[in-house]
Amino acid sequence: MKRGKKKNRRIRGKNRSLILLSMPSLIWYILFCYLPVAGIILAFKRYRLIPGKGFFYSLINGSEWVGFDNFRFLFLNPEIGKAIRNTLLYNMAFLILGTVIPVMLAVGISYIHSGRIRRFVQISLLLPYFLSWIIVSYSVYAFLSYDRGVVNSVLGSMGIQGFRFYQSPSLWPFILCAVNVWKSSGYMMMLYYARLMAIDTELFDAAAVDGASNFKVIRYIILPELKNVILVMTLLNLGNILSTDFGLFYQVTRNSGSLLSTTETIDVFIYKALMEKSNYGFSAAASLIQNGIGCIILVTANRLLKKNGVGGAAL
């Protein structure tokens, strides 16, 4: 009896420690993820700021209910179709490239025998992930500027006419994909590489004894072991299929009006509606639809994976 009480006391003490350890993250999620959910009502109101009363007082007492008028205005806007198209196409490209290239990098690094070279390559690939989009945007501008850009300077030295990149919409799908891959591949590569390091070495020893080539090792050992991680990351990215990185599409492109046909995504569209038209209800309605559809896609994909017995289900 005493032994059981001691065991229960140890379990309670361990649970308290875990709860205390998780409190900072829990508080952060409550303040910045759950409390802002109350702002959903902004999508159903015509917001009017009452001087001296603050945002929430104006939202509750000073703004009239308009029902679904903000949503109706959103779908009647002729620009929304282009923004949705760009968002979906870019995210599909990012999803494919953001899976294939990091997996290839992780596999390639695993074959580097020198620990020093391997660490150097890992750090070099991971460094861009920690750069802010402001730094990235100026770096891209340093390469693509018409007057002093590195690319046009090299082309000029070869007697070739330079490109006006910031006035050439057809080039930017490739530029944005390249920048996104360069910035994010290092982080994804580390996730896949960590899973590679957890593979039982006996599998590789058995493959070496059987005389398997590197291609067969990758196909029959590495890729099957990475399957669940790839599925989980793909599933999580599907939840953001209607969201884009604002810094990539707004700052890197320098908000050039000439590029809007290929660079305006839903996030840029919402920002412009908020900043240029001060239409808070319209922006909130667009964000609500964007995140609601992403949530539905995420839950649906997860249930399909579970239903088919795939171990990559994340929820």
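Description of the structure in this document. Just so we're clear, the structure is a prediction, and the values are computed from it rather than from any experiment.

1. Here we look at the packing of aromatic side chains
The description of an aromatic ring pair uses the distance of the two centres, along with the angle that the planes make with each other. Enumeration according to the criterion identifies 17 aromatic pairs in this entry. Ring centres of tyrosine 129 and phenylalanine 130 lie 5.4 Å apart, and the angle between their planes is 85°; this geometry places the pair in the edge-to-face category. Of the residues examined, tyrosine 129 reaches a relative accessible area of 34% and is grouped as partly exposed. In this structure phenylalanine 130 comes out as exposed when scored by relative accessible area, which is 61%.

2. Focus: unusual backbone geometry
Residues other than glycine seldom take positive phi values, yet arginine 254 does so here, at roughly 60°. Mapping arginine 254 onto the fold places it in the loop between helix H11 (246-251) and helix H12 (260-263).

3. Things to note about helix H8 (residues 172-197)
The end-to-end C-alpha separation of H8 is 37 Å, in line with the 38 Å expected for 26 residues at 1.5 Å each. Of all the bends in H8, the greatest measures close to 45° and is centred on serine 185.

4. What about a nonpolar patch on the surface?
A cluster of nonpolar residues, Leu26, Ile27, Trp28, Tyr29, Ile30, Leu31, Phe32, Tyr34 and Leu35, forms a patch on the protein surface that exposes about 950 Å² of accessible area. The residue phenylalanine 32 is located in helix H1 (residues 2-34) in this model.

5. With respect to the packing of helix H13 (residues 266-277) against helix H14 (residues 280-307)
It is at 8 Å that the axes of H13 and H14 come closest, and there the two elements cross at 165°. Our classification of the angle between H13 and H14 gives roughly antiparallel. Viewed along their axes, H13 and H14 form a crossing whose handedness is left-handed. Facing Ile266, Asp267, Phe269, Ile270, Ala273 and Leu274 of H13, the residues of H14 in contact are Tyr280, Phe282, Ser283, Ala286, Ser287 and Gln290.

Analysis parameters
- Position labels on residues start from 1 in each chain and follow its written sequence.
- Whole-chain, interface and lining totals are the exception, using all residues; otherwise, since this is a predicted model, local features are given only for residues with pLDDT of at least 70 and side-chain atom pairs are given and counted only at 80 or more.
- For the side-chain quantities, the full set of heavy atoms in the structure was used; hydrogens and water were omitted.
- Each Phe, Tyr or Trp ring, with Trp reduced to its six-membered ring, pairs with another whose centre is within 6.5 Å; inter-plane angles below 30 degrees give stacked pairs, above 60 give edge-to-face pairs, and intermediate values give tilted ones.
- Between buried and exposed lies partly exposed: a residue is buried under 20% and exposed over 50% of the maximum accessible area for its type, with that area taken using a 1.4 Å probe on protein chains only.
- In this text, helices come from DSSP runs of H or I with a minimum length of four residues, and strands from runs of E with a minimum of two, each type numbered from the N-terminal end.
- By this rule the span expected of a helix is its residue count minus one, scaled by 1.5 Å.
- Take the seven residues that end at a residue and the seven that start at it, fit an axis to each, and the angle between those axes is the bend at that residue.
- Patch members must show over 30% relative accessible area and no salt bridge, and they are joined within 9 Å when carrying like charges or within 5 Å when they are nonpolar side chains of Val, Leu, Ile, Met, Phe, Trp or Tyr.
- A 1.4 Å probe and the Shrake-Rupley method give the accessible areas. Residues count as covered only by the protein chains that appear here.
- Salt bridges are counted wherever a side-chain nitrogen of Lys or Arg sits within 4 Å of a carboxyl oxygen of Asp or Glu.
- Only the stretch in contact is used when fitting a helix axis, every axis being a line fitted to C-alpha atoms; angles between N-to-C directions are given from 0 to 180 degrees.
- To sort the angles, those under 35 degrees are grouped as roughly parallel, those over 145 as roughly antiparallel, those from 65 to 115 as roughly perpendicular, and the leftovers as oblique.
- Should the near helix be turned anticlockwise from the far one by less than a right angle, the crossing is left-handed, and should it be turned clockwise, the crossing is right-handed.
- By the convention used here, residues are in contact when the closest approach between their heavy atoms is within 4.5 Å.

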